[in-house]
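# A closer look at the structure
This is what each chain is made of:
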Amino acid sequence: MNHAAVAPISRRVRDAMAGLLDDVQQCGAEHWQRWVETYGSVRRSLALLLNADSGEIAFTKNTSEGISMFASGLDWQPGDEVVSVEGEFPANFYAWKALEKRGVVLRLVPSEQGRVSQEAILSALTPRTRVVTVSFVQYLSGFRLDLEKLGQACVARGCLLFVDAIQGLGAFPIDVKRANIAGLAADGHKWMLGPEGAALLYVNSQVMEKITPPEIGWTTVRHWSDFSRRDLSWRDDARRYECGTLNTVGIYGLGAAVNLLLEVGIPNIAARVLQLTDRLRGGLLAQGHSVFGPRAREEASGIVSFVPRQGGPEHLLDLFLAHRVQVAARGGMVRIAPHFYNTEEEIDRVLELAS
Ligand SMILES: Cc1ncc(COP(=O)(O)O)c(C=O)c1O
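Residues numbered from 1 in each chain as written. Predicted model: local features only at pLDDT ≥ 70, side-chain atom pairs only at ≥ 80, totals over all residues. Heavy atoms only, no water.

## As for the sheet that holds strand E9 (residues 304-307)
Strand order in the open sheet formed by four strands is E8-E9-E11-E10, with antiparallel pairing between adjacent strands. Two strands close off the open sheet at either side, each with one partner strand: strand E8 (290-292) and strand E10 (328-330). Within this sheet the neighbouring strands show an average axis-to-axis angle of 35°, counted without direction. Pairing of E9 with strand E11 (residues 333-336) involves three bridges; the strand directions are antiparallel. Among the inter-strand pairings, Ser 305 is bridged to a residue of E11, identified as Arg 335. (Pairing = 2+ DSSP bridges. Helix = DSSP H or I, 4+ residues; strand = E, 2+ residues; numbered from the N terminus. Axes fitted to C-alpha atoms, helices over the stretch in contact; angles between N-to-C directions.)

The structure is reproduced here in structure tokens:
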């Protein structure tokens, strides 16, 4: 019940990582070509998940790194502006806040009861706005943004849309092309059901030339495999954002995780997650708790946060802990986050404890 923090990995993910560990233990780097092939196949799986091109996917170590690369790689001019939302998870704040040193103005739009208003975002745009950066799903309220509508508006206003997708990718469809997303970052350890520390950065091929790699290593350059060359021209694709040796074990795990999701089908997963969170939300409201965040289905997600009807959240958190039901304490609330494989019985068990 805590997928918005760190998900359990599936047996398949575990086996994929354990298989690689066994291989490296027994054979060292003998099979390194297989690792390289696997990077390619995992990139293709991630591209399928996003409707991207696999050349637009870079492996990173986490969401923060992807956001930082995109934010710091643009050629900012003093007076340029970035629009975001108040109360974003800090990963999608500090990377942009740090740009103030380069003369960039960060404008934060308030959210109302955890709801992010597209109109409020659009009315904060000025001719100097270069980037709008938002979470696909807010980490506390669970509000899920209509990215296609926002992306269209960004194109019309001549700015780039960047998305912190970690709280939604794996559970809800994202089509980076239809949504005109310029850049997107997510780690695999939440809704993708992968391990920690194996993440992706998507950069649209049409904006790649505008995002100079801020971290430079031997693999960022075109002639990376020729160790005697000294030519600082970037690789043609998003691998220019990969700084040196990759997290091969993590990438094996991420690949197995994403393939499992693709097999089940993201629309099926989304429908199931909404069915479970509807049941949870309905039950909590019936018990008199104050549920925070959106109610409309098109804005709902896998996250349900609430303030218990009596006192603070501590008592309930202790009770969940004692019964080995994993939930999270966030912003003075209890945050519950089931995934598609959870059962109605498990939701009812949570409700029983909350009653
Ligand atoms: C919206 C959001 N972004 C980013 C992160 C985590 O970032 P990272 O992958 O860099 O640890 C979280 C984790 O809680 C989150 O909720």
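Alright, that's what it looks like, and here's the rest.
## Considerations on the site of the ligand
Close to the ligand lie Asn 62, Thr 63, Ser 64, Phe 89, Ala 91, Ser 135, Tyr 139, Asp 164, Ile 166, Gln 167, Asp 187 and Lys 190, which account for all nearby residues. In this structure, an oxygen atom belonging to the ligand sits 2.9 Å away from a side-chain N or O atom of Gln 167. Between the ligand and Lys 190 there is a distance of 2.8 Å, counted from an oxygen atom to a side-chain nitrogen or oxygen. Considered on its own, the ligand offers 400 Å² of accessible surface; in the complex 87% of this is hidden by protein. Grouping the amino acids of the shell around the ligand by side-chain chemistry returns four nonpolar, five polar and three charged. (Near = heavy atom within 4 Å. Polar contact = N/O pair within 3.5 Å; in protein donor to acceptor, adjacent residues only side chain to side chain. Areas by Shrake-Rupley, 256 points an atom, 1.4 Å probe, with all protein chains shown as cover. Nonpolar A, V, L, I, M, F, W, Y, C, P; charged D, E, K, R; others polar.)

## So, the pattern of salt bridges
On inspection of all chains with the given rule, the structure shows 20 salt bridges. When the shortest N-O distance is used, the salt bridge between Asp 80 and Arg 130 registers 2.9 Å. Linking Asp 80 in the loop between helix H3 (63-73) and strand E2 (81-85) with Arg 130 in strand E4 (residues 129-135), this pair joins segments that are 50 residues apart in sequence. Several salt bridges share partner residues, and in doing so they unite Asp 75, Asp 80, Arg 128 and Arg 130 into one network. (Salt bridge = Lys/Arg side-chain N within 4 Å of Asp/Glu carboxyl O.)

## A closer look at helix H2 (residues 32-50)
With 19 residues, H2 should reach 27 Å at 1.5 Å per residue; the first-to-last C-alpha distance of 27 Å fits that figure. All buried positions along H2 are accounted for by Trp 35, Thr 38, Tyr 39, Val 42, Arg 43, Ser 45, Leu 46, Ala 47, Leu 49 and Leu 50. The secondary structure elements touched by the buried residues of H2 are helix H1 (11-27), strand E1 (57-60), strand E6 (183-187), strand E7 (199-203), helix H7 (248-264) and helix H8 (266-286). Immediately downstream of H2, the backbone of Asn 51 shows phi near 55°, a positive value. (Expected span 1.5 Å × (residues − 1). Buried < 20%, exposed > 50% of the residue type's maximum accessible area, 1.4 Å probe, protein only. Contact = heavy atoms within 4.5 Å.)

## A closer look at the packing of H1 against H7
Between H1 and H7, the least distance of the axes is 8 Å, while the angle of their chain directions is 150°. Regarding the angle of H1 to H7, the classification is roughly antiparallel. For the pair H1 and H7, the sense of crossing is right-handed. For the pair formed by H1 and H7, the contact residues are Arg 12, Val 13, Ala 16, Met 17, Leu 20 and Leu 21 on the first element and Thr 248, Val 249, Tyr 252, Gly 253, Ala 256, Ala 257, Leu 260 and Glu 263 on the second. (Parallel < 35°, antiparallel > 145°, perpendicular 65-115°, else oblique. Left-handed = near helix turned anticlockwise from the far one by under 90°.)

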